[in-house]
Amino acid sequence: MRLDIVSRDAHTVSRRQLSENALKVLYRLSKSGYKAYLVGGGVRDILLGMEPKDFDVVTNATPEEIKKLFRNSRLVGRRFRLAHIVFGRDVIEVATFRGHHGESNDNISKSNAEGRLLRDNVYGEIDEDAERRDFTINALYYDISDYSIRSYGGGINDIEARVIKLIGDPDKRYREDPVRMLRAVRFATKLDMTIEPVTAAPIKELAPLLTDIPAARMYEEVLKLFFAGKAQANYNMMQDYGLFKPLFPQIAALIEEQPAGNTAKMLDAVMASTDLRVQQDKPVTPAFFYAALLWYPLKQRADDIALESGLSHYDAHVAAMGDVMEQQCRTISIPRRFSTPAKDIWQLQLRLERSQGTRAFKLLEHPKFRAAYDLLLLRGEAEAGNIGKIATWWKSFVEADETQRPEIAKSSNSKSPSRNRNANQRKRRRPSKPKTDSTPTSKPDTQG
Ligand code: ATP
Ligand code: MG
């Protein structure tokens, strides 16, 4: 593979742009007689004038040698064994150069029938390590011993030309690790680059391979795709390349049925609002994200269950929540700390739909009210008709001054159809008085 060595005076990466901890690790390795390089995203982002998200280091020291050198280290990973050097909340990842696979045994290197690498722990030299990296723009090594950059496969030129180019044969490299298809998309949008045609060509055909990726790994990848300010762009590109369907089959099915229907509109609205929140430094949470994304699949499933089983609207809705979440978790595992509040948000939709009036005060106090209300607003955008009216009512209620709220509640109470069987019983209850100090609107805006 082509190698360019760019000397210190011919590039823009300086030590000042590295974190103190990354420098510590690099120097410790180097002073102990090992080779040590900053690699990948750290070098790439600095060259592009961006601030790196994290710093990755590679060395010819083995994980055991790294472990001996750093008291604050721990060895992690099975598929890729590497060391984490821990500085409080900051972690520097240190990997040993990967080598060619040759005739090694299953303990260090292993693939499945489709060519997917299950284990990759053969160590080698830097040029072999470079061949095992995904894209040329990531095969950049900043050498701490002389501050030069080693660029493999033309990476330094591709940074300049802003193209994403896979190293080696694209078909083979995607089969080894289908997540590289998602990474191509993510880097294209994050770095404002184009995917080179040869690199883009096999994606549509190989996209279904993503279903084989362990759901736990997909969870992390999905966060990187949708919670870094480029959700809309990544979503559009994933749809174009057929990468969305294998990850979100229930959603994709509804969009295929009605390309301009509620589900499609909801997806656009969620992506746009997630990007806006990231841009405004507001918190984003997988609980809200998945609740919103899966709302229409949930409705559909609830309707089906009601039809098949004769369960009430409410009971069918609750049964469908479990089904839909379980289905989604087959491709992307969603930790319980997010799936549980997502279900709360779903359940609250039913209450929001029928609680305009004095019962609205009670709902305001629910810990998931804000998130549920946000979803209701997105539903109002995605579908016209009744939900739009309900969303508008809630908006006026939530945004109103506390002194105006009782008026709004009263005026709507008389009009709202009493669909509730327990209406009589409810009437006797007094609406709880709104708290003066901490109503949800005065809380920090959070969807959590
Ligand atoms: P970012 O941190 O912004 O997501 P990054 O390029 O640093 O981008 P990491 O996931 O941190 O991405 O990986 C660090 C480096 O490891 C990459 O730059 C790349 O060289 C290599 N790498 C990561 N994932 C893969 C993969 N699936 N296949 C081959 N090489 C990879
Ligand atoms: Mg990184």
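Preceding block: the structure.
The rules we used
- Residues numbered from 1 in each chain as written.
- Chains lettered and ligands numbered in written order.
- Predicted model: local features only at pLDDT ≥ 70, side-chain atom pairs only at ≥ 80, totals over all residues.
- Heavy atoms only, no water.
- Phe/Tyr/Trp six-rings, centres within 6.5 Å; stacked < 30°, edge-to-face > 60°.
- Helix = DSSP H or I, 4+ residues; strand = E, 2+ residues; numbered from the N terminus.
- Buried < 20%, exposed > 50% of the residue type's maximum accessible area, 1.4 Å probe, protein only.
- Near = heavy atom within 4 Å.
- Polar contact = N/O pair within 3.5 Å; in protein donor to acceptor, adjacent residues only side chain to side chain.
- Areas by Shrake-Rupley, 256 points an atom, 1.4 Å probe, with all protein chains shown as cover.
- 1 Å grid on protein atoms, 1.4 Å probe; cavity = no way out; pocket = protein on both sides within 12 Å on 5 of 7 lines; lining within 4 Å.
- Sits in = over half its atoms within 2 Å of the grid points.
- Salt bridge = Lys/Arg side-chain N within 4 Å of Asp/Glu carboxyl O.
- Contact = heavy atoms within 4.5 Å.

Our next topic: the packing of aromatic side chains. This model, assessed by the stated rule, comprises 16 aromatic pairs. Plain terms: the ring middles of Tyr37 and Tyr141 are 5.9 Å apart, the flat faces sit at 90° to each other, and that makes the pair edge-to-face. A residue pair is termed long-range when its members are at least 10 positions apart, and Tyr37 in strand E2 (residues 36-39) and Tyr141 in strand E9 (residues 140-143) qualify at 104 residues. Assessed through its relative accessible area of 4%, Tyr37 is described here as buried. With centroids separated by 5.7 Å and ring planes inclined at 10°, the aromatic side chains of Phe369 and Tyr373 adopt a geometry described as stacked. Here Phe369 and its partner Tyr373 are both found in helix H19 (residues 369-382), four residues apart, which amounts to about one turn of the helix. Taken individually, Phe369 and Tyr373 each receive the classification buried, so the pair is uniform in this respect. Within the aromatic cluster, the residues linked to one another by ring pairs are Phe226, Phe227, Tyr235, Phe244, Phe248, Phe289 and Tyr290.

Before going further, it helps to spend a moment on the site of ligand 1. Near ligand 1 lie 17 residues; those nearest to it are Arg44, Asp177, Arg180, Arg186 and Lys190. Residue Asp54 places a side-chain N or O atom 3.5 Å away from an oxygen atom belonging to ligand 1. Between a nitrogen atom of ligand 1 and a side-chain N or O atom of Arg180, the distance comes to 2.8 Å. Considering ligand 1 on its own, with 580 Å² of exposed area, one finds that the protein chains cover 86% of that surface. Under a 2 Å grid-point criterion requiring more than half of the atoms, the pocket assigned to ligand 1 is the largest pocket. Counting residues per element, the ones that place at least two in the shell around ligand 1 are helix H2 (41-47) and helix H7 (179-190).

In the structure shown here, the tally under the stated rule is 19 salt bridges. One salt bridge in this structure joins Glu353 and Arg379, with 2.8 Å as the shortest N-O distance. With a gap of 26 residues between them, Glu353 in helix H17 (residues 336-354) and Arg379 in helix H19 connect regions that are remote in the sequence. Looking at Glu353, the relative accessible area reads 15%, which means it is buried. Taken together, the salt bridges that share partners define one network made up of Lys172, Arg173, Glu176 and Arg180.

We now examine the side chain of Asn21. Positionally, Asn21 belongs in helix H1 (residues 20-31). Here Asp90 takes part through its side chain, which lies 2.8 Å from a polar atom of the side chain of Asn21. Apart from residues lying up to four places away in sequence, Asn21 is in contact with Phe87, Asp90 and Ile92.

Attention now goes to the environment of Thr96. Looking at the element boundaries, Thr96 is found in strand E6 (residues 90-96). Judged by its relative accessible area of 2%, Thr96 is buried. Counting along the chain gives 38 residues from Thr96 to Val58, while the straight-line C-alpha distance between them is 5.6 Å. Dropping the residues within four chain positions of it, Thr96 is found in contact with Thr59, Asn60, Ala61, Thr62, Pro63, Ile66, Tyr123 and Asp129. Within the local environment of Thr96, its side chain forms a polar contact with the backbone oxygen of Ala61, the two atoms lying 2.8 Å apart.

With a phi angle near 65°, Tyr147 is a residue other than glycine that sits in the positive phi range. Structurally, the position occupied by Tyr147 is in the loop between E9 and strand E10 (149-152).

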